[in-house]
Amino acid sequence: MGLSIDLVETEYDRDAIHVVRNRVFVHEQHVPLDIETDDVDSSAYHAVARWEGKVVGTGRLVVDPPYSGKIGRMAVLTAYRKFGVGGRILRFLEMYAENMDIHEIILHAQVYVKEFYQKKGYQEEGLVFLEAGI
């Protein structure tokens, strides 16, 4: 069975990815709960990663018409990091964007995962900034 990545299409999956985001962002990284979900969350495309059927990760794609998108809210439960889950979520969202004819993807990344995104072909641009106190 292993790892599978799908688009969130049910309320069960939507609830499950918010549990993952809550554990990673709110509990681990101390992001205030009231800003963890934002105004574009409801219109974004969300990926759900399952390991042996258990929801272990997520990420989202926000489309900025006509040809660009922003990947964010990438989160993987601690026990499932370093197994390629984040990379597979990222690739899933990139392919989804490509199928929508999106030609440019940007993202905001925390400093400690900068190398992860560089290895996936992303280039650092701009200065380091604070977002949600991180």
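Reading the values: rules and limits
- Residues numbered from 1 in each chain as written.
- Predicted model: local features only at pLDDT ≥ 70, side-chain atom pairs only at ≥ 80, totals over all residues.
- Heavy atoms only, no water.
- Pairing = 2+ DSSP bridges.
- Helix = DSSP H or I, 4+ residues; strand = E, 2+ residues; numbered from the N terminus.
- Axes fitted to C-alpha atoms, helices over the stretch in contact; angles between N-to-C directions.
- Contact = heavy atoms within 4.5 Å.
- Salt bridge = Lys/Arg side-chain N within 4 Å of Asp/Glu carboxyl O.
- Phe/Tyr/Trp six-rings, centres within 6.5 Å; stacked < 30°, edge-to-face > 60°.
- Buried < 20%, exposed > 50% of the residue type's maximum accessible area, 1.4 Å probe, protein only.
- Polar contact = N/O pair within 3.5 Å; in protein donor to acceptor, adjacent residues only side chain to side chain.

(A) Region of the structure containing the sheet that holds strand β3 (residues 54–64). One open sheet accounts for five strands, arranged β1-β2-β3-β4-β5; its pairing is mixed. Looking at which strands have only one partner, the edges of the open sheet turn out to be β1 (3–7) and β5 (104–107). Going across the sheet, the axis of each strand differs from the next one's by a mean of 25°, ignoring polarity. The pairing of β1 with strand β2 (residues 45–51) spans five bridges and is classified as antiparallel. Residue Asp-6 lies in a different strand from β2, and its bridge partner there is Val-48. Sitting on the sheet, helix α1 (residues 11–28) is in contact with β2, β3 and β4 (68–76), with an inclination near 95° to β3. Contacts between helix α3 (residues 85–99) and the sheet are confined to β1, β2, β3, β4 and β5, with β4 contributing the most and set at about 155° to the helix.

(B) Up close: the pattern of salt bridges. Inspection of the entire model under this criterion finds 11 salt bridges. Of the charged contacts in the structure, one is a salt bridge between Arg-73 and Glu-36, with a shortest N-O distance of 3.7 Å. A residue pair is termed long-range when its members are at least 10 positions apart, and Arg-73 in strand β4 and Glu-36 in helix α2 (residues 33–36) qualify at 37 residues. Overlapping salt bridges bring together Arg-21, Glu-36, Asp-38, Asp-41, Arg-60 and Arg-73 as one network.

(C) Quick look at the packing of aromatic side chains. Applying the stated criterion to the full structure yields six aromatic pairs. Look at Tyr-45 and Tyr-96: their rings are 5.2 Å apart centre to centre, the planes differ by 50°, and that puts the pair in the tilted class. In this pair, Tyr-45 sits in strand β2 while Tyr-96 sits in helix α3, placing the two residues 51 residues apart along the sequence. Judged by relative accessible area, which is 23%, Tyr-96 ranks as partly exposed. Between Trp-51 and Tyr-80, the aromatic rings sit 6.0 Å apart at their centres with planes inclined by 50°, giving tilted as the arrangement. Of this pair, Trp-51 sits in strand β2 while Tyr-80 is found in the loop between β4 and α3, placing the two residues 29 residues apart along the sequence. Owing to a relative accessible area of 28%, Trp-51 belongs among the partly exposed residues under this scheme.

(D) Here's a closer look at the side chain of Arg-60. Position of Arg-60 among the secondary structure elements: in strand β3. Polar side-chain contacts of Arg-60 include one of 2.6 Å to the side chain of Asp-41. With sequence-adjacent residues up to four places away left out, Arg-60 is seen in contact with Asp-38, Val-40, Asp-41, Ala-44, Tyr-45, His-46, Lys-70, Ile-71, Gly-72, Arg-73 and Leu-93.

Note that all results are geometric; they support no functional claim without further evidence.
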